[in-house]
Amino acid sequence: MGRPRNILFIMADQLRWDYLSCYGHPHLETPHIDALARRGVRFDRAFVQSPVCGPSRMSFYTGRTVHSHGASWNFVPLPIGEYTLGDYLRPTGMRVAVAGKTHIIPDGEGMARLGLARESELGVTIAEGGFEPFERDDGEHPDKRTGPSLRYNQFLRAQGYDGENPWHSWANSAEGSQGEILSGWSLRNCHLPARVKEEHSETAWMTDRAIDFIRESGERPWLLHLSYIKPHWPYIAPAPYHAMYGPQHFLPAVKHAAERGDPHPVYGAFLAMDAAQAFGRDEVRANVLPGYMGLVKQIDDHVGRVIAALDAQGRLDDTIIVFTSDHGDYLGDHWMGEKELFHECSLRIPLIIVDPSAEADATRGTVDARMVEAIDLVPTFLDAMGVKLPTHRLEGRSLLPLLHGANPAWRDAVFSELDFAFYRARRILGLGAQEAKCWMIRTARWKYVAFKAFDRAQLFDLESDPDELVDLGRDPAHAAVRADLHAKLFARLADRRNRITVSDEDVEARTDGARANGVIIGEW
């Protein structure tokens, strides 16, 4: 075969890497995603640039770390000058679209400064982060963010679901014995079935729209970002998925009482927040896991539908397929809920890539243990489509050589960061808005976390303590290890790409060129 022509970029929201059977979950069977792993490469150590939806996704879409693109938390706009997948691929003739969630919000101030109208063709492209909004649906709080214009709500009303916000009252709520609405926001209801029929649920509807896109695209090359909202909260699944799993299927919580004895101040502040207070209780975890696992199983079934639609359109042999997530979920591990901090369950993600080209035949069905990052996908996509990599902007590395069996020199550490200024944890700690920052560097053996506002770091020995239960951040015996990792962290921060308006080739061409331009400096 020649070069692939399409890319199907599937992302699940808040899906832990270890909640798929191909990644070792003993009870949650995901045969359709496993089939992708057999056809491609499963990366065993893949990590996000920030364990929060918004900044993580902006790194996926730009190929740049959070401290470079600046969209450091949810609803912090990506600056108008940042290049995204659409900016790189549309000039090649590809259609670059989204069906589902992106978490992108427009840089309204930047657009106003340039006089760009939101409703113009260019304005829509910029406001949507370079994606054609074929079916944009972020799902969260639609009554507050998009009001009655949410397309999924319009779809639900057309199916006969009534109410001001059927996204909440039907798709993300259960029903009590007296017909009362039991909100999925309440964790006590997450074991119950959603009121909506399965075929009308968010996952099913988004799959339908992705299949519509594939069928209507014809011969024009495309990238479709199929971005599922689940298994992100509200953790409530439609029947029959809500009842497929029980206590006999749960992984035990990874936690130890010593973790709460003298925690790092930032970890301690997050332990004091509502999600941790809830998920630290076994009864809450036991109520949520059936819904979470059912939502994962539902996604797998619908991934199977998408792959079947690709096959029916004759597109399996020329489409790169990627399956990943934007971050994990604590689910009670380390006494925590949600994500945010840098434990593996929050930071580590599944990443499966199927390259249909003949060059990838040698790696089919293999597991790659090299450490890869979310920012590697943009250069991988550009490389696969024959686009020259803008190395003065991109901070990730193309995975295409790895997919084709090459063995290039590779990174020995991965990097992630968190801006926790928006959390109550910052106020618990009495920090200012610019002080609530932390950074992580992880090697094969060590994980090191540094904090702007605290001299005290965190250190975990993943070789002797793979569950990250013993913080060595103040252990005198590990001072040299901490110093070495701190230097490695500084080197990674210093390697950011901030000269983004001039290419490396231009720098080479202009180096020591003053005399040729008539500028003579330092001559006697």
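In the block above lies the structure referred to throughout.
Calculation rules
- Numbering of residues starts from 1 in every chain and runs along the sequence as written.
- Residue-level local features of this predicted model are given only where pLDDT is at least 70; pairs of side-chain atoms are given and counted only at 80 or more, and the full residue set underlies all totals for whole chains, interfaces and linings.
- To obtain the side-chain values, all non-hydrogen atoms of the structure were used and water was disregarded.
- To qualify as a helix, a DSSP run of H or I must reach at least 4 residues; to qualify as a strand, a run of E must reach at least 2; elements of each kind are numbered from the N terminus.
- With the radius of gyration taken over C-alpha atoms, the globule rule is written as 2.2 Å times the number of residues to the power 0.38.
- Here, residues are in contact when the closest pair of their heavy atoms is within 4.5 Å.
- Surface accessibility in these figures is a Shrake-Rupley result with a 1.4 Å probe; residues are shielded only by whichever protein chains are displayed.
- Under the convention used here, Asp and Glu are negative, Lys and Arg are positive, and both His and the chain ends fall outside the count.
- Here the site of a charge means atom NZ of a Lys, CZ of an Arg, CG of an Asp or CD of a Glu.
- A pair of strands is labelled paired if DSSP reports no fewer than 2 bridges between them.
- Lines are fitted to the C-alpha atoms to define the axes, a helix being fitted only along its stretch in contact, and any angle between axes, read from their N-to-C directions, falls within 0 to 180 degrees.
- What we call a nonpolar core is a set of buried Ala, Val, Leu, Ile, Met, Phe, Trp, Tyr and Cys residues that are connected through their side-chain atoms within 4.5 Å.
- Exposure categories follow from relative accessible area, calculated using a 1.4 Å probe and restricted to protein chains: below 20% of the type maximum is buried, above 50% is exposed, and the middle band is partly exposed.
- Any carboxyl oxygen of Asp or Glu that lies within 4 Å of a side-chain nitrogen of Lys or Arg is treated as forming a salt bridge with it.
- By the definition adopted for this analysis, an angle is roughly parallel if under 35 degrees, roughly antiparallel if over 145, roughly perpendicular if from 65 to 115, and oblique otherwise.
- Residue classes follow a fixed rule: Ala, Val, Leu, Ile, Met, Phe, Trp, Tyr, Cys and Pro count as nonpolar, while Asp, Glu, Lys and Arg count as charged, and any other residue, Gly among them, counts as polar.

Participant: How should the overall build of the chain be read in this particular structure?
Facilitator: When you go through the chain residue by residue, the secondary structure sums to 19 helices and 14 strands. What you see for the chain is a C-alpha radius of gyration of 23 Å, in line with the 24 Å of a compact globule of 524 residues. When the backbone C-alpha atoms are referred to their principal axes, the chain occupies close to 95 × 65 × 50 Å. Put simply, of all contacts in the chain between residues at least 6 apart along the chain, 73% involve residues at least 24 apart. By element, 52% of the accessible surface of the chain is carried by carbon and sulfur atoms, the whole surface being about 21100 Å². Here the chain carries 59 positive and 73 negative side-chain charges, and the mean point of each set is 2 Å from the other.

Participant: Looking at this structure, how should I read the sheet that holds strand β11 (residues 414-419)?
Facilitator: Adjacent strands of a sheet pair through backbone hydrogen bonds, lying either parallel or antiparallel. Pairing is antiparallel in the open sheet, where 4 strands are placed in the order β11-β12-β13-β14. The sheet is open, and its two borders are formed by β11 and β14 (454-461), each paired with just one other strand. Mean inter-strand twist for the sheet, computed between neighbouring axes without regard to direction, equals 15 degrees. Here β11 runs beside strand β12 (residues 437-442); their pairing, made up of 6 bridges, is antiparallel. Along β12, the bridge assignment pairs Phe-415 with Ile-441. Here helix α18 (residues 479-494) sits on the sheet in contact with β11, β12, β13 (446-451) and β14, set at roughly 70 degrees to β13.

Participant: Honestly, the nonpolar core in this entry has me stumped. Any pointers?
Facilitator: What tends to happen in soluble globular proteins is that the nonpolar side chains get buried as a cluster. Of all hydrophobic cores here, the largest spans 71 residues; its most connected members are Phe-9 and Phe-270. Aside from chain neighbours lying at most four places away, what touches Phe-9 is Phe-60, Tyr-61, Leu-85, Leu-224, His-225, Leu-226, Val-322, Thr-324, Leu-377 and Phe-381. Counting residues in each nonpolar core, the second largest holds 61 residues, with Ala-171, Val-288, Met-293 and Ile-321 among its members.

Participant: So what exactly am I meant to see when it comes to the pattern of salt bridges here?
Facilitator: Enumeration over the complete set of coordinates arrives at 43 salt bridges. Across the pair Arg-136 and Asp-138 runs a salt bridge, and its minimum N-O distance is 2.8 Å. We note a salt bridge from Arg-474 to Asp-262, for which the minimum N-O separation is 2.2 Å. Of this pair, Arg-474 sits in the loop between β14 and α18 while Asp-262 is found in the loop between β7 (222-231) and α11 (265-271), placing the two residues 212 residues apart along the sequence. Three or more residues are tied together by salt bridges with common partners; here these are Arg-42, Asp-44, Glu-344, Arg-348, Arg-442, Lys-447 and Glu-468.

Participant: Would you mind showing me how to read the side chain of His-264 here?
Facilitator: As for its position among the elements, His-264 is in the loop between β7 and α11. With sequence-adjacent residues up to four places away left out, His-264 is seen in contact with Phe-451, Phe-454, Arg-456, Ala-457, Gln-458 and Asp-471.

Participant: I tried to follow the side chain of His-242 on my own but got confused; where do I start?
Facilitator: Mapped onto the elements of the fold, His-242 is located in the loop between β7 and α11. A residue is classified by how much of its surface remains accessible, and His-242, at 17% relative accessible area, is buried. Discounting residues that sit within four places of it in the chain, His-242 has contacts with His-191, Leu-192, Pro-193, Ala-237 and Pro-290.

Participant: How should I be thinking about the packing of helix α8 (residues 151-158) against helix α10 (residues 202-216) in this particular structure?
Facilitator: When two helices pack together, their arrangement is given by the angle between the helix axes and by the axis-to-axis distance. Where α8 contacts α10, the two axes come as close as 12 Å, and the packing angle between them is 100 degrees. Here α10 runs roughly perpendicular to α8, going by the angle between their axes. Within the contact between the two elements, α8 uses Arg-151, Tyr-152 and Phe-155 and α10 uses Glu-202, Trp-205 and Arg-209. When the residues that make up the contact of α8 with α10 are grouped by side-chain class, the tally is 3 nonpolar, no polar and 3 charged.

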